[in-house]
Structure formats: structure tokens, C-alpha cells
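Residue-level structural notes
One letter stands for each residue in the lines below.
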Amino acid sequence: MGRKKKKVVKTTILLPSDVHQALRIEAITKKMSMGELIVQKLKELEEYKQKYGGVVNAEDYLI
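Structure report, in brief. None of these values were measured; they are calculated from a predicted model.

1. So, the packing of helix α1 (residues 17–30) against helix α2 (residues 34–51)
Between α1 and α2, the shortest axis-to-axis distance is 9 Å and the interhelical angle comes to 100°. Accordingly, the angle class assigned to the pair α1 and α2 is roughly perpendicular. Across the interface between the two elements, H20, L23, R24, E26, A27 and K30 of α1 pack against M34, L37, I38, Q40 and K41 of α2.

Rendered as C-alpha cells:
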């Protein structure tokens, strides 16, 4: 029986240079791809929103 592959979609996003640099440094530090890091951050954001009733302030959630 073959291994199941995760369904993924390739996309392009535009980021401000400072955000890109911060994500790049964090991805290198964590030894993961930027794509994996962005998915992780989005999952963390969703958990945060569920925990605090969907209210998210940019100042409360740092990259």
C-alpha cells in the first residue's frame, strides 16, 4: 500500500520586506521551510482566535 501524500497547493504571496525577513530568520532558526512556518503561524492564530472569542489585536499576536 502506498503512502498518502498531503494535498497541497502552490501559491504566491506578497509580504512586506520586514515580515519576510523575520519569517526567513525564524524558519532558519527552527530548521523548517517558510511555508511550514506560515502554516504553523496560521494554525496558532486560529487557536488564539478560538480561545479568545475571535478577537485578535495585531499587538497581541507577534510573528
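2. Concerning unusual backbone geometry
Positive phi, normally seen in glycine, also occurs at K31, with a value near 55°. One can find K31 in the loop between α1 and α2. For K31, a relative accessible area of 78% gives the class exposed.

3. Quick notes on α1
Along its 14 residues, α1 runs 20 Å from first to last C-alpha, staying within 8% of the 20 Å computed at 1.5 Å per residue. Taken as a whole, α1 has its buried residues at L23, E26 and A27. One side of α1 holds all its buried residues, which, seen down the axis, span an arc of 100°. Of the exposed residues in α1, the ones pointing more than 90 degrees away from its buried face are S17, D18, I28 and T29. On the buried face of α1, the contacting elements are α2. Just beyond α1, the residue with positive phi is K31, at close to 55°.

What counts, and where the lines are drawn
Residues numbered from 1 in each chain as written. Predicted model: local features only at pLDDT ≥ 70, side-chain atom pairs only at ≥ 80, totals over all residues. Heavy atoms only, no water. Axes fitted to C-alpha atoms, helices over the stretch in contact; angles between N-to-C directions. Helix = DSSP H or I, 4+ residues; strand = E, 2+ residues; numbered from the N terminus. Parallel < 35°, antiparallel > 145°, perpendicular 65-115°, else oblique. Contact = heavy atoms within 4.5 Å. Buried < 20%, exposed > 50% of the residue type's maximum accessible area, 1.4 Å probe, protein only. Expected span 1.5 Å × (residues − 1). Arc of directions from axis to C-beta.

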